[in-house]
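Here's the letter readout for the chains.
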Amino acid sequence: MEHVNSEAVKAYLLDLQDRICAALAAADGGTFIEDSWTRAEGGGGRSRVLENGALIEKGGVNFSHVMGATLPASATAHRPELAGRRFQAMGVSLVIHPRNPYVPTSHANVRFFIAEADGQAPVWWFGGGFDLTPYYGNEEDCRHWHQVAAEACAPFGSEVYPRLKAWCDDYFFLRHRQEARGVGGLFFDDWNHDGFDASFAFMQAVGNAYLDAYLPIVERRRDTPYGEREREFQCLRRGRYVEFNLVYDRGTLFGLQTGGRTESILMSLPPQVNWRYNWQPEPGSPEAELYTRFLPHRQWWPALTADAGDVPA
């Protein structure tokens, strides 16, 4: 029977949380507040939140490790054979909502599930990814984000990045609005290819790539001047973020269905949001360009020519 080292996964995740928090706190100049918690049914976690910083209006980087006697409906809906198994789930999940509308919101998550039953081999898988949600699109930023994503996947096969990029495009899509949440990145789930060690290595490659993908964008855009118009549009677009997380997001549903800590689960929601009835951007405006040039699914990497880059993938 294959050895599955869940303790090594947990150690990596705790270290990843430490490294990401240290880098983001250094960029902001503020401090993450840590809130450790336990779960009555088993397990717990540590939530770290930075609010009202110079760069980060609200950001959270959470670690959780929960366990239970049976998997919730959100985890068995597409794998009914796992119903009734005891489980462990652990992961790091983060969402960063910057103050400046020219700095995109970013999300990343890496996670590990194992479901066990007496007398049977354990069933395990990894999942995760990262995605970018700009308010004012920038070609350089989008290409950099996807280049880092592609380079993280490259050692694991040339087909991995295109497949996970398409998976991300499909997952982070608001079907009721018929629009993407952002410009995508990577998304994967049920990942158990080529054995535990190779799958664990892939999850680490994705987790380690997040800061390389995000921090250069932050540094390029953090001092861009903005006014009330940009701020209002940022708050309107944040409404789409809320809609996705509360209606579609598997992690949110899993956390709520397993009796997770509500404050930690809803940490991903932005601090200020607006909804306006049937709001439409002014044609030809920078706000309209987000919808016409950046949200439609595109090939960001390898970079196409300027003209060809306008064509959705």
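Everything below is about the structure printed above this text.
Values in this document were obtained by computation on a predicted structure and should not be read as measured data.

Participant: I'd like a rundown of the overall build of the protein, residues and numbers included.
Facilitator: In terms of helices and strands, the protein carries nine helices and nine strands. Computed over its C-alpha atoms, the radius of gyration of the protein comes to 19 Å, within 12% of the 20 Å expected for a compact globule of 313 residues. Judged by the C-alpha coordinates and their principal axes, the protein covers about 65 × 40 × 35 Å. Residues counted as buried form 54% of the 313 residues belonging to the protein. Of the contacts made within the protein by residues no fewer than 6 positions apart, 70% connect residues no fewer than 24 positions apart. Of the accessible surface of the protein, which amounts to about 13700 Å², a share of 52% is contributed by carbon and sulfur atoms. Of the side chains in the protein, 30 bear a positive and 40 a negative charge, and the two mean positions are spaced by 3 Å.

Participant: Report on the nonpolar core, specifying residues and quantitative values.
Facilitator: Val9, Leu13, Phe112, Phe126, Phe130, Tyr210 and Tyr214 are the most contacted members of the largest nonpolar core, which has 64 residues in total. It is helix α5 (residues 195-221) that contributes the most residues to this core, 12 residues altogether. Look past the residues within four positions of Leu13 in its chain and what remains in contact with it is Phe63, Met90, Gly91, Val92, Val110 and Met203. In terms of nonpolar packing, the next biggest core, distinct from the first, is built from 11 residues, Val66, Leu71, Ala89 and Val123 among them.

Participant: Let's hear about the sheet that holds strand β2 (residues 43-51): which residues, and what values?
Facilitator: If you walk across this open sheet you meet the seven strands as β1-β2-β3-β4-β5-β6-β9, and the pairing is antiparallel. Of all strands in the sheet, those bounded by a partner on one side alone are β1 (33-38) and β9 (184-191). Within this sheet the neighbouring strands show an average axis-to-axis angle of 5°, counted without direction. Two strands pair when backbone bridges link them, and strand β3 (residues 56-68) and strand β4 (residues 86-98) are joined in this way by 12 bridges, in the antiparallel orientation. Across the sheet, residue Lys58 finds its bridge partner in β4, namely His97. Sitting on the sheet, α5 is in contact with β4, β5 (105-116), β6 (123-133) and β9, with an inclination near 15° to β6. Lying over the sheet, helix α6 (residues 228-247) contacts β3, β4, β5 and β6, oriented at roughly 165° with respect to β4.

Participant: Describe empty space enclosed by the protein, and please don't skip the residues or the numbers.
Facilitator: Any empty space left between the atoms is revealed when a probe the size of a water molecule rolls over them. Under the defined criterion, the tally for this structure stands at four cavities of 30 Å³ or more. Reported here for the largest cavity is a volume of approximately 830 Å³. Around the largest cavity, the lining comprises 44 residues; the ones closest to its centre are Ser93, Asn109, Gly251, Thr252 and Phe254. The greatest single-element share of the lining of the largest cavity, amounting to six residues, is contributed by β4. When the residues that make up the lining of the largest cavity are grouped by side-chain class, the tally is 18 nonpolar, 19 polar and seven charged. If you add up the space inside the second largest cavity, you get close to 90 Å³. Along the walls of the second largest cavity sit 17 residues, with Asp169, Ala180, Gly182, Val183 and Gly184 positioned nearest its centre. Contributions of two or more residues to the lining of the second largest cavity are made by β6 and α4 (160-171). With three residues, the single largest contributor to the lining of the second largest cavity is α4. The residue makeup of the lining of the second largest cavity, split by class, is nine nonpolar, three polar and five charged.

Participant: Help me get a handle on the packing of aromatic side chains, residues and values and all.
Facilitator: In the structure shown here, the tally under the stated rule is 28 aromatic pairs. Taken together, a centroid distance of 5.9 Å and an interplanar angle of 5° make the contact between Phe126 and Phe200 stacked. Taken together, the residues span a long stretch of sequence, with Phe126 in strand β6 and Phe200 in helix α5 at a distance of 74 residues. Classification of Phe200 as buried rests on a relative accessible area of 10%. Through pairs of rings, three or more aromatic residues link up here, namely Tyr12, Phe112, Trp124, Phe126, Phe196 and Phe200. Across from the ring centre of Tyr241, 3.9 Å away, lies the NZ or CZ of Arg181, which sits over that ring.

Participant: Please provide a residue-by-residue account of the pairing of β9, values included.
Facilitator: Within β9, seven of the eight residues are buried, which leaves it mostly tucked inside the rest of the structure. Two strands pair when backbone bridges link them, and β6 and β9 are joined in this way by six bridges, in the antiparallel orientation. The partner of Gly129 across the bridge, within β9, is Phe187.

The rules behind the values
- Residues numbered from 1 in each chain as written.
- Predicted model: local features only at pLDDT ≥ 70, side-chain atom pairs only at ≥ 80, totals over all residues.
- Heavy atoms only, no water.
- Helix = DSSP H or I, 4+ residues; strand = E, 2+ residues; numbered from the N terminus.
- Rg over C-alpha atoms; globule rule 2.2 N^0.38 Å.
- Buried < 20%, exposed > 50% of the residue type's maximum accessible area, 1.4 Å probe, protein only.
- Contact = heavy atoms within 4.5 Å.
- Areas by Shrake-Rupley, 256 points an atom, 1.4 Å probe, with all protein chains shown as cover.
- Lys, Arg positive; Asp, Glu negative; His and termini not counted.
- Charge placed at Lys NZ, Arg CZ, Asp CG, Glu CD.
- Core = buried A, V, L, I, M, F, W, Y, C linked by side-chain atoms within 4.5 Å.
- Pairing = 2+ DSSP bridges.
- Axes fitted to C-alpha atoms, helices over the stretch in contact; angles between N-to-C directions.
- 1 Å grid on protein atoms, 1.4 Å probe; cavity = no way out; pocket = protein on both sides within 12 Å on 5 of 7 lines; lining within 4 Å.
- Points joined across faces, edges and corners; volume = space filled by probe spheres on them.
- Nonpolar A, V, L, I, M, F, W, Y, C, P; charged D, E, K, R; others polar.
- Phe/Tyr/Trp six-rings, centres within 6.5 Å; stacked < 30°, edge-to-face > 60°.
- Lys NZ or Arg CZ within 6 Å of the ring centre and 35° of its normal.

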